[in-house]
Amino acid sequence: MNEFLYGVGVQWKIDLRNRGVFITYYIVPLLFFGFMGGIFSSINPMAKNTLIQSMTIFGITMGSFLGTPAPLVELYRSDIIKAYKVGGIPLWMAAVNNYISATIHLFITSTIMLIIAPIAFKAKIPENIGLYFLSLALFIVVSVSIGTTLGLLIKNTSRLTMFSQLLFLPSLMLSGIMFSTDLLPTFLENSGKIFPATWGFKLMSSSIFDFSYFWPLIIMLCISTALWIFLLSKVGKE
Amino acid sequence: MNVGVSVKNLVKKYGDNLVVRNISFSAIQGEIFGLLGANGAGKTTTLECIEGLRNYNSGEIKVNGKIGVQLQSSSLPSHITVQEAFLLFCKWNKVDENHQLLDSFGLSEIKNNQYKALSTGQKRRLHLALALINNADILFLDEPTAGLDVEGRVFLHKEIRKLKEAGKTIIIASHDMAEIENLCDNIAILKGGKIVFNGTPTELTSSYLSKSKIQIKSKIQIEKQDFVFSTYVGVQKEFFTVITDSISDALLELLQYAKENNNEIIDIKIERASLEQRFIEIATEGN
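Secondary structure assignment for chain A yields 11 helices and 0 strands. In chain A, the succession of helices and strands from N to C terminus is α-α-α-α-α-α-α-α-α-α-α. Since a compact globule built from 238 residues should have a radius of gyration of about 18 Å, the 18 Å found for chain A is in line with a globular shape. The C-alpha extent of chain A, read off along each of the three principal axes, is 60 × 35 × 30 Å. The 238 residues of chain A split such that 51% are buried. When contacts within chain A are restricted to residue pairs at least 6 apart in sequence, those whose partners lie at least 24 apart make up 76%. Of the accessible surface of chain A, which amounts to about 10500 Å², a share of 72% is contributed by carbon and sulfur atoms. Charged side chains in chain A number 15 positive and 9 negative. The centres of these two groups are separated by 5 Å.

Here is the structure:
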């Protein structure tokens, strides 16, 4: 247990030192939050009601789809994995540490937004804060799980960037965080339902627990977790 | 003598490509054993089979003791520090943090440096230290000094000798002849996945095809001629030069000739064929 926790700690520090990961976990989400938060709340005062949720969804989606997979490609598609294997370090360690580290980083970013938004933009604090944090935690683990799957599935960084953007951009445009999904054609509105951002936004914006927003995220979590565990076992055999 | 590593009839294929062809060798405990061969001869594959990194098709491998491995191409996350990597490996191997190991490899002063900022030599030293964390009995070093400068090579050679003195069995794969000649007690030469020589470096240099060179400087220049045990090749910087298969016979014959002719010998040089020459002969034989 001691070695596992030490590994998580090391990965957490590595993520802070890794400029690419740090930018996607902290810099861009918080800059976007600072810039767009001001614009959204001044253009449409109603946006203040869901400003925390929409900016948080943006930050988590960006961090988990663009940031989380990058260290995994570096680890599992290089000689690092051989060095770990001969050094007695289990192959699952890197992926699990990265998963936990990403979850903590994204939770910190989300908490910063939750604290600053009401002060800076007079954003509305979620009514049911307990439910908000529960929804936040679920959304983070689902998104990081998908990011982990991407990192283990894709073998080089240029391809990874392409696939990550293919998930990231529609997540922003079709989930309702930038504008209401009612404005979208039905086809695009329905397409948006395959992204966790859509359900995460609904769940985090709700003041009562709505199971219909909850179960799609659980299904996504189960599928992505099964996938990355399978991919990890395949990497071990290679 | 106890055997540290024993390989019997090892066969490894990649698809239809037979890379290791029924090879057998053994390394005695406490010796440095060298695996030599040109690129693609099968050295790394053989080592990786012994280390358990690759499955093999048939044969038998016995390793008596804990192993430590320094790979030919090895890496760590770019942003991990030397100390973090060291502690991570210590913790997963459930051993106390032996900071002496960092000191002895000159890593203490760079313990807070990130992996990406290390020089090739520092990375090699770190990987060697990581290979020693579990107090391994048998060390596998694949091209340990590749890409190092002279200072780095000398340092690593010194460390490898110290490890041998400490009773470790060391298996080195290399195509650096000077390194092998300097360090190894026994060697095996791989060619096309087969072992074409197995013995000591001296046995290799004193056998096989190459001839040794004898050079004699005398008061009166010896006339150009062949002898029974040697063949004249020329006069090089005032030295009468012959080549021979048998140094002792040729030398005796040349000294007798000088004595019979009342010629005074001023200087004698004997040059055995180097390991490198022998290796080139073996590598090119049959091509």
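So, next bit.
For chain B, the count of helices and strands is 9 helices and 13 strands. Over its C-alpha trace chain B gives a radius of gyration of 24 Å, far above what one expects of a compact globule, namely 19 Å for 287 residues. Structurally, chain B occupies a C-alpha span of about 75 × 45 × 35 Å along its principal axes. Across the 287 residues that make up chain B, the buried fraction comes to 48%. Intrachain contacts of chain B at a sequence separation of at least 6 include 67% that bridge at least 24 residues. Of the roughly 13800 Å² of accessible surface on chain B, a fraction of 46% belongs to carbon and sulfur atoms. The average position of the 33 basic charges and that of the 35 acidic charges among the side chains of chain B differ by 4 Å.

Let's shift gears to helix α10 (residues 196-205) of chain A. Of all 10 residues that make up α10 of chain A, 8 are buried, and the element is covered over most of its length. The set of residues buried in α10 of chain A consists of Pro 196, Ala 197, Thr 198, Trp 199, Gly 200, Phe 201, Leu 203 and Met 204 of chain A.

The next subject is unusual backbone geometry. Residues and elements named next belong to chain B. One non-glycine residue, Asn 9, lies in the positive phi region at around 50°. Following the sequence through the fold, Asn 9 ends up in strand β1 (residues 3-14). Positive phi is not limited to glycine here, since Glu 143 has a value of about 45°. Note on placement: Glu 143 falls in the loop between β6 (138-142) and α5 (150-165).

With that settled, the discussion passes to the interface of chain A and chain B. The interface is formed by 25 residues belonging to chain A together with 24 residues belonging to chain B. Both sides of the chain A and chain B interface together cover about 2300 Å² of buried area, and 65% of this is carbon and sulfur. Among the residues chain A hides against chain B, the three largest losses belong to Glu 3, Tyr 6 and Arg 17 of chain A. Together they make up 27% of the total. With a closest N to O distance of 2.5 Å, Glu 3 of chain A and Lys 94 of chain B form a salt bridge. Elements with a contribution of two residues or more to the side of chain A that touches chain B: α1 (2-17), α4 (69-76), α5 (80-86) and α6 (92-121) of chain A. The biggest single contributor to the side of chain A that touches chain B is α1 of chain A, with 9 residues.

Our next topic: helix α4 (residues 120-132) of chain B. Here α4 of chain B is 13 residues long and its end C-alpha atoms lie 19 Å apart, about the 18 Å a rise of 1.5 Å per residue gives. Extensive coverage of α4 of chain B is indicated by the burial of 11 of its 13 residues. Looking only at α4 of chain B, the buried set comprises Gly 121, Gln 122, Arg 124, Arg 125, Leu 126, His 127, Leu 128, Ala 129, Leu 130, Ala 131 and Leu 132 of chain B. Its buried side turned inward, α4 of chain B meets α5 of chain A together with β5 (67-70), α2 (82-92), α3 (99-104), β6 and α5 of chain B.

In this section: the nonpolar core. Nonpolar side chains in soluble globular proteins generally cluster together in the buried interior. Counting 110 residues, the largest nonpolar core has Tyr 76 and Tyr 84 of chain A together with Leu 76 of chain B as the members making the most contacts within it. A per-element tally of this core places α6 of chain A first, with 10 residues. By size, the runner-up hydrophobic cluster in this structure holds 24 residues, among which are Ile 23, Phe 25, Leu 47 and Ala 173 of chain B.

What follows concerns the sheet that holds strand β13 (residues 265-271) of chain B. All names here are of chain B. Ordered in space as β11-β12-β10-β13, the 4 strands form an open sheet in which the pairing is antiparallel. In this open sheet, the two strands that pair with only one neighbour each are β11 (230-236) and β13. Going across the sheet, the axis of each strand differs from the next one's by a mean of 20°, ignoring polarity.

Moving on, we get to the pattern of salt bridges. Throughout the structure, instances matching the rule amount to 10 salt bridges over all chains. Between Glu 264 of chain B and Lys 219 of chain B there is a salt bridge, with the nearest N and O atoms lying 3.4 Å from each other. Residue Glu 264 of chain B is found in the loop between α8 (247-260) and β13, and its partner Lys 219 of chain B is found in the loop between β10 (212-218) and β11; the two are separated by 45 residues along the sequence. Taken together, the shared-partner salt bridges connect Lys 13 and Arg 17 of chain A together with Glu 84 of chain B into one network.

Attention shifts here to the domain arrangement of chain B. Domain annotation of chain B identifies domain 1 (3-205) and domain 2 (212-271). Taking the mean C-alpha position of each, domain 1 of chain B and domain 2 of chain B sit 44 Å from one another.

With that settled, the discussion passes to the side chain of Asp 15 of chain A. All names here are of chain A. Within the secondary structure, Asp 15 sits in helix α1. Buried charge without a salt bridge: Asp 15, with Arg 17 as the nearest opposite-charge side chain at an N-O distance of 9.6 Å. Among the polar contacts listed, one links the side chain of Asp 15 to the side chain of Ser 101, at a separation of 2.6 Å. Non-local contacts of Asp 15, meaning those with residues more than four positions away in its chain, are made with Val 21, Phe 22, Tyr 25, Pro 71, Asn 98, Ser 101, Ala 102 and His 105.

Parameters and conventions
Residues numbered from 1 in each chain as written. Chains lettered and ligands numbered in written order. Predicted model: local features only at pLDDT ≥ 70, side-chain atom pairs only at ≥ 80, totals over all residues. Heavy atoms only, no water. Helix = DSSP H or I, 4+ residues; strand = E, 2+ residues; numbered from the N terminus. Rg over C-alpha atoms; globule rule 2.2 N^0.38 Å. Buried < 20%, exposed > 50% of the residue type's maximum accessible area, 1.4 Å probe, protein only. Contact = heavy atoms within 4.5 Å. Areas by Shrake-Rupley, 256 points an atom, 1.4 Å probe, with all protein chains shown as cover. Lys, Arg positive; Asp, Glu negative; His and termini not counted. Charge placed at Lys NZ, Arg CZ, Asp CG, Glu CD. Buried area = accessible area lost by both parts, 1.4 Å probe. Salt bridge = Lys/Arg side-chain N within 4 Å of Asp/Glu carboxyl O. Expected span 1.5 Å × (residues − 1). Core = buried A, V, L, I, M, F, W, Y, C linked by side-chain atoms within 4.5 Å. Pairing = 2+ DSSP bridges. Axes fitted to C-alpha atoms, helices over the stretch in contact; angles between N-to-C directions. Domains from an automatic or database assignment. Polar contact = N/O pair within 3.5 Å; in protein donor to acceptor, adjacent residues only side chain to side chain.

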